[in-house]
Each structure stands twice: as structure tokens, then as C-alpha cells.
Amino acid sequence: MSDVHTENKALIAPLRAAMYDFDETAVRAALNEISAPDAVFHHCHPFGDSTGSDAFYDTAYADLKTAWPDLERRDYIVMGGPDEHGNDWVGCGGYYTGVFTGPWLDIPPSGHQVVMRFHEFFRVVDGQVVEFQALWDIPEVMMQANAWPMSPSLGHEWHVPGPATQDGFVPGPYDAEKGKATCQHIIDMLEHLKKHPSEGGPEVMEMDRFWHQRMNWYGPSGIGTGRGFAGFRNWHQIPFLGGMPDRGQYLDEITYHFFGDGEYAAVTGWPNMVQTVTHDGWLGIAPAGKKITMRSLDFWRLENGKIRENWVLVDILDAYRQLGVDVFARLREFNKARNIGRIDIPDGMS
């Protein structure tokens, strides 16, 4: 007999299939089939929230499908499980791809294939999606169009890969004990990360205990990827702590949702971080002394009891917004001299 978490992953499968050969009618039907009528869809900036699957499609996909006519979804992680509050989740990670032939969000088309990483979480109750959370790596699209108008990334920008072990589609039946143990490893690791610098130097994080020496931290575009302890610390952690040293001090203002499935774990909070941009500033933004929230949807993969890969998406554009920086306004200024009309690419057959 199947279990609820295996069933929930199967519930999402028709939607994923419809988005692989992306057809508006099929996608709308699949969204409507799996969603409660009053399902709430939380999306990254600039999309915001919507209620009901049709409103979500109109907000999120209609213009994207016009800009990328051959739009295609590719998942490399599909996992699920219960959080510590009794909610059941399915987490999907992957990317959308297609040929960028028309403007989207004022990003000029490139005429070439582009990719946009996504992390999408579904909260399921009695066989229906009642809540959806999505982060799309829109800055990644800007970079591929040579239109990123903000500071360069410290980490490496590239097409982030799926799991090295090619096992991101976690099969059933659901192993509750294993999922809980994987989650606990992540929770313990994060508790140790928060000890630095208030309780000591880098040694208090006990990186060797939790992370593989060849770890990959796949950050969002605008931050980039760091490999190994040095890459993680130099390209993400040191700048992050330098600009927001009070991170982890406002736990009463957020609620975490961790869930695990086999060697994979995930977390959301919407938001799940609160901190103040001070000291050295962050992402090239001068310190505003302003407290901001951050949305992050993360996946981890354990290997031999240690974290080997960590996929992280943060709503970077919303963080800029809270600090008074309109990235899209700057994008328009940055690209005034470019033709952002539709590109007609001949097929070479006639």
C-alpha cells in the first residue's frame, strides 16, 4: 500500500509532465486538477501572491510562454515529507528552458536557449495542493541576456547541475526514520553555523563534522557557486556575515519548515531569514541599517553522512526591493540602447 508522501509526489507528476512539453491548455488543466480552489500561490518578486490556479498561470507563465515559445520544464530533484508542524510537502528543483525570442520582464531577448533555475514547494492536504511557494532565478536570465544591471557575483556563475548521484527523484515507499535523520543533520549543522562569530571563530561551526570536503554550495545568481570550505566561506559566508552580522537573532519572527526524504532535505519559511544590512553592506549595496526579511528555498544532499551538495535559491530581487533598489528600473536604464523587440530566427530550411 502506498504512503501519503509517495502519493503526494505522484500527485505533482502530471503537472511536471504537462510542463515538459509545455502546452497552455494541458498546464492549466493539470494545475486546476491538483490545486484546491482557494490554493495560495506565493511567488518571488516581482510576481507576488495569487489565489487559484488560473490566476497563478496568468501571473507566472503567460508572459514567459510568449517570450520562450518552446518553454520546457526539467526537474532534477523531487522529494517530499512532513515538517515538524505536521504539514506535508513536496519539493521540486530544476530549471525552465527555451529559446529566448521575446522580451520578458523587460529583459531583452537573446535569440538563444536560456535556462532559469527554480525551486518549487507544494503543501498538500488530503490530496490537494493548498499552498505553493516558488523561487525562480530571474537574475540568471538577466545574466544570460548580458543585461544584469547590478554588482558582479563573487562566486562562479554557471549552469548549476543536478545531483552528482543522479538520484534526485526520491522513490517510495517513504522512510520516515531516514527522512527525520537527514533533517536532523541539517538542523544541527545550521545551529552550529549560527554560533559563529558570537561564540567563537570558524572552528565553532564544526564544518568537518557536517560537510564533505568536496562540498558544492550552489547559490543563487548574484552570489554564485562556491566549492569546498574555502569557496563557501569566501564567496558566500564572509560577505553575508560582513553585511548582516545579526543573522539568526530573530528566530521568534520566522517559522522554519524542514522536511527530509532519503538522503535529501529541504527547508522553507517564507520568509525564513531576518537580519539588518549594516557594516560592510551586501551585494554591493551600501549599508542601509535596514532590517529585511529573506525568502530561501533550499535542498541538501547527504553522502556518507555529510553534506556533499546544497542548492540554494534566495529571492535576491525582493531583498534589493526592501533596500530601496528597483533592479527592474535599473535594468530598463541599462538596456535603453538595445532593441528589445521579438527576434524571428529563420530555421535554415527555406
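Residues numbered from 1 in each chain as written. Predicted model: local features only at pLDDT ≥ 70, side-chain atom pairs only at ≥ 80, totals over all residues. Heavy atoms only, no water.

Novice: Provide a residue-level description of the overall build of the protein chain, including the pertinent values.
Specialist: Secondary structure summary: the protein chain contains ten helices and 14 strands in total. A compact globule built from 350 residues should have a C-alpha radius of gyration of about 20 Å, and the protein chain, at 20 Å, falls within 12% of that. In terms of overall dimensions, the protein chain has C-alpha extents of about 65 × 55 × 35 Å along its principal axes. In the protein chain, buried positions account for 55% of the 350 residues. In the protein chain, the proportion of contacts linking residues at least 24 apart, taken out of those at least 6 apart, comes to 67%. Accessible surface, the protein chain as shown: approximately 15,000 Å² in total, 52% of it carbon and sulfur. A distance of 6 Å separates the average location of the 29 positive side-chain charges in the protein chain from that of its 48 negative side-chain charges. (Helix = DSSP H or I, 4+ residues; strand = E, 2+ residues; numbered from the N terminus. Rg over C-alpha atoms; globule rule 2.2 N^0.38 Å. Buried < 20%, exposed > 50% of the residue type's maximum accessible area, 1.4 Å probe, protein only. Contact = heavy atoms within 4.5 Å. Areas by Shrake-Rupley, 256 points an atom, 1.4 Å probe, with all protein chains shown as cover. Lys, Arg positive; Asp, Glu negative; His and termini not counted. Charge placed at Lys NZ, Arg CZ, Asp CG, Glu CD.)

Novice: I'd like a description of the environment of P220, backed by residues and values.
Specialist: Among the secondary structure elements, P220 is positioned in the loop between β7 (211-218) and β8 (225-227). Spatially, the C-alpha atoms of P220 and D315 are 8.5 Å apart, while their sequence positions differ by 95 residues.

Novice: Break down empty space enclosed by the protein for me, citing the residues and quoting the values.
Specialist: In the structure shown here, the tally under the stated rule is two cavities of 30 Å³ or more. Estimated volume of the largest cavity: approximately 50 Å³. Lining the largest cavity are C44, H45, L135, W136, I138, P139, V314, D315, I316 and L317. Elements represented by at least two residues in the lining of the largest cavity include exactly β6 (128-136), α5 (138-144) and α9 (316-322). Across the lining of the largest cavity, the residue classes tally to eight nonpolar, one polar and one charged. Here the second largest cavity is characterised by a volume of approximately 40 Å³. (1 Å grid on protein atoms, 1.4 Å probe; cavity = no way out; pocket = protein on both sides within 12 Å on 5 of 7 lines; lining within 4 Å. Points joined across faces, edges and corners; volume = space filled by probe spheres on them. Nonpolar A, V, L, I, M, F, W, Y, C, P; charged D, E, K, R; others polar.)

Novice: Before we move on, can you summarise the state of the cysteines with the specific residues and values?
Specialist: Overall, the coordinates contain zero disulfides when judged by the stated rule. Between C44, a free cysteine, and C92, which holds the nearest cysteine sulfur, the sulfur-to-sulfur gap is 16 Å. For C92, a relative accessible area of 0% puts it in the buried group. (Disulfide = S-S within 2.5 Å.)

Novice: Can you explain the sheet that holds strand β9 (residues 257-261)? Please cite residues and give values.
Specialist: One open sheet accounts for six strands, arranged β8-β7-β14-β13-β10-β9; its pairing is mixed. Pairing within the sheet leaves two strands with one partner each, and these edge strands are β8 and β9. Across the sheet, the axes of successive neighbouring strands diverge by a mean angle of 15°, strand direction being ignored. Bridge count for β7 against strand β14 (residues 306-314) is four bridges, and the pairing is parallel. Counted as the bridge partner of W217 is N310 from β14. In the packing of helix α8 (residues 228-243) onto the sheet, the strands contacted are β7 and β8, and the crossing angle to β8 comes to about 145°. (Pairing = 2+ DSSP bridges. Axes fitted to C-alpha atoms, helices over the stretch in contact; angles between N-to-C directions.)

Novice: Any details on the packing of aromatic side chains? Residues and values, ideally.
Specialist: Taken as a whole and judged by the stated rule, the model has 28 aromatic pairs. Sitting over the ring of Y250, K291 keeps its end group 4.0 Å from the ring centre. (Phe/Tyr/Trp six-rings, centres within 6.5 Å; stacked < 30°, edge-to-face > 60°. Lys NZ or Arg CZ within 6 Å of the ring centre and 35° of its normal.)

Novice: Account for helix α6 (residues 176-193), with residues named and values stated.
Specialist: Here α6 is 18 residues long and its end C-alpha atoms lie 26 Å apart, about the 26 Å a rise of 1.5 Å per residue gives. Buried within α6 are the following residues: G179, T182, C183, H185, I186, M189, H192 and L193. (Expected span 1.5 Å × (residues − 1).)

Novice: Could you give an account of unusual backbone geometry, naming the residues involved and the relevant values?
Specialist: For the peptide bond that leads from G172 to P173, omega is 0°, which places it in the cis range. Of the consecutive residues H196 and P197, the connecting peptide bond is found in the cis state with omega at 10°. Position of P197 among the secondary structure elements: in the loop between α6 and α7 (207-210). The phi angle at D126 is positive, at roughly 50°, despite the residue not being glycine. Although it is not a glycine, N146 sits at a positive phi angle of roughly 55°. In this fold, N146 is placed in the loop between α5 and α6.

Novice: So what's going on with the sheet that holds β6? Which residues, and what values?
Specialist: Strand order in the open sheet made by the six strands is β2-β1-β6-β5-β4-β3, with mixed pairing throughout. Since the sheet does not close on itself, it has two edges, and those belong to β2 (49-51) and β3 (72-82), each with one partner. Between one strand and the next, the sheet's axes are offset by a mean angle of 15°, whatever the strand orientation. Bridge count for strand β4 (residues 88-99) against strand β5 (residues 113-125) is twelve bridges, and the pairing is antiparallel. In the sheet register, G98 faces β5, and the bridge partner there is V114. In the packing of helix α1 (residues 4-20) onto the sheet, the strands contacted are β3, β4, β5 and β6, and the crossing angle to β3 comes to about 170°. Against the sheet, helix α2 (residues 24-34) engages β1 (35-43) and β6, with an angle of about 110° to β1.

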